[in-house]
Amino acid sequence: MGSAVGLGNVWRYPYITGQYGGAAFILLYIGCVLAVGVPLMIAEFLIGRKTQLNPVGAFRKLRPGSPWVVTGWLGIVSAFTILSYYAVVGGWVLHYVYLSLINSFAGKSTEQVTDIFISMNVNPDLQIFWLAIFMFVTIVIVSKGVSGGLEAGNKIMMPLLFALLIVLSIYALQTSGAASGLEFLLRPQWQKIGPTAVLEALGQALFSLSLGMGTMITYGSYLSRRSNLVSSTFFIAAGDTLVAVLAGFVVFPLAFSFGLEPGAGPGLIFRTLPIAFAQLPGGYWVALGFFILLSFAAITSSISLLEVASAYFIDEQGWSRSRAGWTLGSAIFLLGIPSAIGEQFLGVMDALSTNYLLPIGALLIAVFTGWALTHNERIDEFSANDVTAVRLAVWSFLIRFVTPVALILIFLHQVRLF
Ligand code: TRP
């Protein structure tokens, strides 16, 4: 859950939903979570727990000498690509913690709050500075292997973030734009939905659930035989989706109330939320609390991205944990600099990840689990109290047919074959 809930839910989901017109896109998104996300998460957990290895080692162990190991390599490439720009946005959030701390939003108008975002966006030095801080924190946690302490913190911070989003949505639903916001969230505009929207919904589902690059293989390798893969998956998928949907119920009523375009792009939450914070009683503390909790959620996701790459170098190349963390983390920091300099580059890295790398990775993992593994290898991993025969049959059907076919169709469209 720490890996899944992050900027994907609170930053990316609202702005993508805004660009694709709201309600219809949300339904499409939930469809992708159920048809592709859930079966795939079970598959990743299964591969990880079965082998107790990093993604490269896992495919090598299950099918030695076969090209399937490429799936693991691809995951490492994806981890680099995603973390490089994820950390830039994580840096924005840290900058907003600082801005909240020095009370920058109080009494500001809509234009002034937008200007704060724009002035950050055109200031590469500032963004590189916060990118460095964000990567530093991520590296220290991964290289010290202190995720135990983080896990304990996560159990408090995650429910707090959730509670704060509920409070904020109640507030947002009382502002003047609530009716238009709700209409946007609840009345589907199907005309905005085409193959591109389907691809975006799928990319967003994979991104938000941390799927398609081996994060959940790596985390699955840390799971014990006693944990229930299926109920864990449902718990994570439901919690992750709920956080995203709630974020939408905060952002859109506010956007309509303050006259902001829901399709405003990656700056959406940074431009809408502070205006509300400026007007709320106790807004100083709400702003500070919100951005601190969001930083925390972002860090628990970024460590999972760095962990995937590190696990390979630790397990397979004999690197020490700190060598892996510092070397890979520094390389990712450098790769992040162009995204900090230009939002366009950030957009390219994001599109590369969510439209290509993750869907390809997801397809390979689905085909591997559904077709390369034997029926017995698959069901071995479930204990009798994990799943009923019916659920197992449903999952096998989804992972063998529905998930790969959906991914192939979407991908063929992406490369303009139809
Ligand atoms: N899911 C995280 C979020 O929503 C980001 C993330 C972590 C991720 N690990 C991942 C995305 C692996 C894709 C793949 O913020």
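## What to know about the packing of aromatic side chains
Counted according to the given criterion, the structure contains 29 aromatic pairs. Here Trp92 and Phe270 contribute two aromatic rings whose centre-to-centre distance is 5.5 Å and whose plane-to-plane angle is 80°, an arrangement assigned as edge-to-face. Remark: Phe270 occurs in helix H12 (residues 268-279) and Trp92 occurs in helix H4 (residues 69-101); sequence separation between them is 178 residues. Phe270 carries the same exposure label as Trp92, and that label is buried. With 6.2 Å between their ring centres and 40° between their planes, Tyr98 and Trp130 make a pair best called tilted. With Tyr98 in helix H4 and Trp130 in helix H6 (residues 124-144), the pair connects residues that are 32 residues apart, well separated along the chain. On the basis of relative accessibility, which here comes to 14%, the residue Trp130 falls in the buried class. Pairwise contacts between aromatic rings join Trp92, Tyr96, Phe105, Phe117, Phe270, Phe277, Phe290 and Phe291 into one cluster. Between Arg323 and the ring centre of Trp319, over which it is positioned, the NZ or CZ distance is 4.1 Å. In this arrangement the basic side chain of Arg400 is found over the ring face of Trp371, its NZ or CZ atom lying 3.9 Å from the centre.

## Here we look at the packing of helix H14 (residues 321-341) against helix H15 (residues 343-372)
The description of two helices packed together rests on the angle between their axes and the distance between the axes. Interhelical geometry of H14 versus H15 gives an angle of 125° and a closest axis separation of 4 Å. One finds that H14 runs oblique with respect to H15. In contact with Leu335, Pro338, Ser339 and Ile341 of H14, H15 contributes Glu343, Phe345, Leu346 and Met349.

## What to know about the site of the ligand
Taken together, 17 residues surround the ligand, and among them Ala4, Gly8, Tyr86, Phe207 and Ser210 come closest. One of the backbone N or O atoms of Leu7 is found 3.1 Å from an oxygen atom in the ligand. A distance of 3.2 Å is found between a nitrogen atom of the ligand and a side-chain nitrogen or oxygen belonging to Ser304. With the chains in place, 100% of the 360 Å² that the ligand exposes on its own is no longer accessible. The cavity where the ligand resides is the largest cavity. Among the secondary structure elements, those contributing two or more residues to the shell around the ligand are helix H1 (7-19), H4, helix H9 (195-208) and helix H13 (283-317). Partitioned by chemical class, the residues of the shell around the ligand number 8 nonpolar, 9 polar and no charged.

## Details of unusual backbone geometry
Despite not being glycine, Gln52 has its phi angle at roughly 55°, a positive value. Looking at the element boundaries, Gln52 is found in the loop between helix H2 (23-51) and helix H3 (55-62). Judged by its relative accessible area of 43%, Gln52 falls in the partly exposed class. One non-glycine residue, Ser210, lies in positive phi territory at about 60°. Among the structural elements, Ser210 can be located in the loop between H9 and helix H10 (215-220).

Definitions and limits used
For every chain, the first residue of the written sequence is number 1, and numbering continues from 1 along that sequence. At least 70 in pLDDT is required for a residue's local features to be given in this predicted model, at least 80 for side-chain atom pairs to be given and counted, and no such filter applies to totals for whole chains, interfaces and linings, which use all residues. Only hydrogens and water are removed before side-chain values are computed, so all heavy atoms of the structure are retained for them. Any Phe, Tyr or Trp ring, taking Trp's six-membered ring, that has another such ring centre within 6.5 Å forms a pair; planes under 30 degrees apart are called stacked, those over 60 apart edge-to-face, and the others tilted. In DSSP terms, a helix is any run of H or I states spanning at least four residues, a strand is any run of E spanning at least two, and both are numbered starting from the N terminus. Working definition: with a 1.4 Å probe on protein chains only, accessible area under 20% of the residue-type maximum means buried, over 50% means exposed, and in between means partly exposed. Two thresholds decide whether a charge sits over a ring: the Lys NZ or Arg CZ must be within 6 Å of the ring centre and within 35 degrees of the ring normal. Axis lines are fitted to C-alpha atoms, over the contacting stretch for helices. Their N-to-C directions set the angle, which ranges from 0 to 180 degrees. Small angles under 35 degrees read as roughly parallel and large ones over 145 as roughly antiparallel, with 65 to 115 read as roughly perpendicular and the rest as oblique. Only heavy atoms enter the contact rule, under which two residues are in contact if any of them lie within 4.5 Å. The nearness test applies per residue and asks whether one of its heavy atoms lies within 4 Å of the molecule or strand. Whenever a nitrogen or oxygen atom comes within 3.5 Å of another N or O atom, the pair is scored as a polar contact, on the condition that within protein one atom can donate a hydrogen and the other can accept it, and that pairs from neighbouring residues in sequence are kept only if both atoms are in side chains. Exposure was quantified through the Shrake-Rupley algorithm and a 1.4 Å probe, taking into account, for residues, occlusion by the shown protein chains and nothing else. Detection works on a 1 Å grid of protein atoms alone, calling trapped sets that fit a 1.4 Å probe cavities and calling open sets with protein on both sides within 12 Å along at least five of seven lines pockets, with lining residues defined by an atom within 4 Å of a point. The way we define it, a molecule is inside a pocket or cavity when more than half of its atoms are within 2 Å of that pocket's grid points. For this classification, Asp, Glu, Lys and Arg are treated as charged, while Ala, Val, Leu, Ile, Met, Phe, Trp, Tyr, Cys and Pro are nonpolar and the rest, including Gly, are polar.

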